[in-house]
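# Coordinate inspection notes
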Amino acid sequence: MNPGNPAEIEDVIQALATQLQGRDRRICTAESCTGGGIAARLTGMPGSSAWFECGWVTYSNASKTRLLGVEAGLLERWGAVSAPVAAAMCAGALEHCEADFALSVTGIAGPGGGTPEKPVGLVWFGWMRRGAEPRTASRVFPGGREDVRTAAALWSLRQLLEYASEPDR
């Protein structure tokens, strides 16, 4: 997968901004392997204060627990790069702010840190709408560290756009 070019990411962000503003909704982010890169891209758009609430960079397990309320037992059992942790990061983000949607990202950007079960490039994502159950998905992205981080940002924003476009339940 091509990690995407800046214009492609900007197009997705513009569509997301239009969708959120049209429905008077706001988003927050909880990031690990992307290191705040998604929040930086979102807030790089003029007018983002109308639809972006806040973001957390919880790179360590301790910060995931302290700042987002991710249970230590989840981290011990599943590891930080897992569906349960991605879901808990979304839920924790929404508990700590007034946003309507949360996006979480946790993965192994490399070059080291991978295992046969969790290779370099594996990223887990979470999306959650206030009052709903979180959704999760994973992808393995090829390339170096920045390729993985950029591809994760683009893919997660595309999925968030699709999710935020669904009718309210």
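As a further point, take the pairing of strand β1 (residues 27-31). Buried residues dominate β1, accounting for five of its five residues. Of the two faces of β1, the one holding Ile 27, Thr 29 and Glu 31 and the one holding Cys 28 and Ala 30 are both buried throughout. Inspection of the sheet shows β1 paired to strand β2 (residues 52-57) by five bridges, in the parallel sense. Each bridged residue has a counterpart across the sheet, and for Thr 29 the counterpart in β2 is Gly 55. Running through helix α2 (residues 37-43), the crossover from β1 to the neighbouring parallel element β2 is right-handed. In this sheet, strand β3 (residues 101-107) lies alongside β1 in parallel orientation, the contact comprising five bridges. Counted as the bridge partner of Thr 29 is Leu 103 from β3.

If you check helix α5 (residues 83-95), its first and last C-alpha atoms are 18 Å apart, about what 13 residues at 1.5 Å a residue would give, namely 18 Å. In terms of burial, α5 is a largely internal element, ten of the 13 residues being buried. Buried residues of α5: Ala 83, Val 85, Ala 86, Ala 87, Ala 88, Met 89, Cys 90, Gly 92, Ala 93 and Leu 94, and no others. The backbone nitrogen of Val 85 has a side-chain oxygen 3.4 Å away, supplied by the residue at the start of α5, namely Ser 82.

A word on the pairing of β3. By the criterion of burial, β3 is predominantly enclosed, with seven of the seven residues buried. Residues Phe 101, Leu 103, Val 105 and Gly 107 of β3 are buried on one face, and the alternating residues Ala 102, Ser 104 and Thr 106, pointing to the opposite face, are buried as well. Two elements, β3 and strand β4 (residues 122-129), share seven bridges in a ladder whose sense is antiparallel. Of the residues in β4, the one forming a bridge with Ser 104 is Gly 126.

Here we come to the pattern of salt bridges. Summed over all chains, the structure comprises four salt bridges. The closest approach of N and O atoms between Arg 158 and Glu 8, which form a salt bridge, is 2.1 Å. One end of the pair, Arg 158, is in helix α6 (residues 145-164); the other, Glu 8, is in helix α1 (residues 6-22), and 150 residues separate them in sequence. One salt bridge in this structure joins Arg 26 and Glu 53, with 2.7 Å as the shortest N-O distance. One end of the pair, Arg 26, is in the loop between α1 and β1; the other, Glu 53, is in strand β2, and 27 residues separate them in sequence. Arg 26 sits in the partly exposed class, given a relative accessible area of 23%.

So, how was this worked out
- Residue indices begin from 1 for each chain and proceed along its sequence in written order.
- Where totals are concerned, whole chains, interfaces and linings use all residues; where local detail is concerned, this predicted model gives features only for residues with pLDDT of at least 70, and gives and counts side-chain atom pairs only at 80 or more.
- Calculated side-chain values reflect all of the structure's heavy atoms, with hydrogen atoms and water omitted.
- Partly exposed residues are those whose accessible area sits between 20% and 50% of the maximum for their type, while under 20% is buried and over 50% is exposed, using a 1.4 Å probe and protein chains only.
- Going along the chain from the N terminus, every DSSP run of H or I of four or more residues is numbered as a helix, and every run of E of two or more is numbered as a strand.
- Two strands are said to pair when DSSP picks up at least two bridges between them.
- A clockwise course of the path from the first strand over the helix to the second, judged with the strands pointing away from the viewer, identifies a crossover as right-handed.
- A helix's residues, less one, multiplied by 1.5 Å, set its expected span.
- Polar contact criterion, stated in full: a pair of N or O atoms within 3.5 Å, where within protein one must be able to donate a hydrogen and the other to accept it, and residues adjacent in sequence count only if both atoms are side-chain atoms.
- In what follows, salt bridge is the name for a side-chain nitrogen of Lys or Arg lying within 4 Å of a carboxyl oxygen of Asp or Glu.

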